[in-house]
Amino acid sequence: MPTLHFDLVSAGGRRAICIAPARLVIAGWTGRDPALREAHARELALLGVPRPSAMPLFYRAGAQLLTQEHTIEVLGPETSGEAEVVLIAAGGALYVGVGSDHTDRRVERSGVALAKQCCPKPVGRELWPLEEVAGHWDQLLLRAYVPSGGSPELYQEGELARLQPPRVLIGHYGAAGLPDGTALFCGTLPARGPVRASPRFDMELVDPVRGRSLRHGYALQELPVVS
């Protein structure tokens, strides 16, 4: 499994930590508003994406997909990123990071779980202790950007109040909590405009209370599709 190298940024300062996640779990359909979840299911069904069997739904993917590289390789032109909060359980503690559930949209029409397995999952190099943001979780702001005409264009934006809180989401996953060695992607926000591919994807998680941000970005190297 990959060993990920982080800077843990906390009220006590900054220190380096290494974590080798043994499992990767990607949560989908994590919005708090049931009516909006249902509307999204119908919207995706029109695009040929199968309806989920439960909301939220937890997809497993290979932990080896996790990467901190600034360039990822993808097959073909129909992939795109999704900015997400990432919870990592290690050493009996929970940490908060930012990542992208990069997904193959062509494969997604055949099966969401399969599409999740087709692309690397970039994660940033900084973490916060969950306990430092849990009290104002709903105020945290998640954003993503894609290039447009040489400048970054806002692609996703919203407060985490729109998604399930971390303890609630973990409770849906399992009554015993999040096992050590688990990286949990916590769901995403709607795109501003159509879901679309781009040559680069940048994301940030902003903490307006403590005045800090987690950021990560990566470029795409598109591999040819041959038959």
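Residues numbered from 1 in each chain as written. Predicted model: local features only at pLDDT ≥ 70, side-chain atom pairs only at ≥ 80, totals over all residues. Heavy atoms only, no water.

Caption draft 1: Representation of the side chain of threonine 79. Of note, threonine 79 is situated in strand 7 (residues 79-80). Here the side chain of threonine 79 touches histidine 102 through a polar contact of 2.9 Å, side chain to side chain. Among all residues touching threonine 79, those that are not within four sequence positions of it are Val74, His102, Thr103, Asp104, Arg105, Cys119, Ala197 and Leu220. (Helix = DSSP H or I, 4+ residues; strand = E, 2+ residues; numbered from the N terminus. Polar contact = N/O pair within 3.5 Å; in protein donor to acceptor, adjacent residues only side chain to side chain. Contact = heavy atoms within 4.5 Å.)

Caption draft 2: Just the nonpolar core, in detail. Formed by 35 residues in total, the largest nonpolar core has its most connected members in Leu87, Val96, Trp137, Leu160, Leu184, Phe201 and Leu205. Mapped by element, the contributors of at least two residues to this core are strand 3 (23-28), strand 6 (71-75), strand 8 (83-90), strand 9 (93-100), strand 13 (141-148), helix 4 (166-173), strand 16 (200-207) and strand 17 (212-223). When residues in this core are grouped by element, the largest group, 4 residues, is from strand 8. Those residues in contact with leucine 205 that lie beyond four places of it in its chain are Val85, Val96, Gly97, Val98, Trp128, Leu140, Leu141, Leu142, Leu160, Arg212, Ser213 and Leu214. Listed in part, the 25 residues of the second largest apolar core include Ile26, Trp29, Leu57 and Ala90. (Core = buried A, V, L, I, M, F, W, Y, C linked by side-chain atoms within 4.5 Å. Buried < 20%, exposed > 50% of the residue type's maximum accessible area, 1.4 Å probe, protein only.)

Caption draft 3: Structural context of the sheet that holds strand 17. Spatially, the 5 strands line up as an open sheet ordered 6-17-16-13-14, and their pairing is mixed. Either end of the sheet is taken by a strand with one partner, and the two such strands are strand 6 and strand 14 (151-159). Ignoring strand direction, the axes of neighbouring strands in this sheet form an average angle of 25°. Sheet topology places strand 16 next to strand 17; 8 bridges connect them, and they run antiparallel. The partner of arginine 200 across the bridge, within strand 17, is alanine 219. (Pairing = 2+ DSSP bridges. Axes fitted to C-alpha atoms, helices over the stretch in contact; angles between N-to-C directions.)

Caption draft 4: Layout of the packing of aromatic side chains. Counted under the stated rule, the structure contains 3 aromatic pairs. A ring pair is formed by tyrosine 155 and phenylalanine 201, whose centres lie 6.1 Å apart and whose planes are at 85°; its orientation type is edge-to-face. Of this pair, tyrosine 155 sits in strand 14 while phenylalanine 201 is found in strand 16, placing the two residues 46 residues apart along the sequence. There is no split in this pair, since tyrosine 155 and phenylalanine 201 are both buried. Relative to tyrosine 218, the ring of phenylalanine 201 lies with its centre 5.8 Å away and its plane at 45°, an arrangement referred to as tilted. Residue phenylalanine 201 is found in strand 16, and its partner tyrosine 218 is found in strand 17; the two are separated by 17 residues along the sequence. (Phe/Tyr/Trp six-rings, centres within 6.5 Å; stacked < 30°, edge-to-face > 60°.)

Caption draft 5: Layout of the sheet that holds strand 4 (residues 57-61). Spatially, 2-1-12-9-8-15-3-4 is the arrangement adopted by the 8 strands of the open sheet, whose pairing is mixed. Among the strands making up the open sheet, the edge pair consists of strand 2 (13-19) and strand 4. Taking each pair of neighbouring strands and ignoring which way they run, the sheet shows an average axis angle of 30°. The pairing of strand 9 with strand 12 (residues 126-129) spans 2 bridges and is antiparallel. The residue bridging valine 96 from the neighbouring strand is tryptophan 128, located in strand 12.

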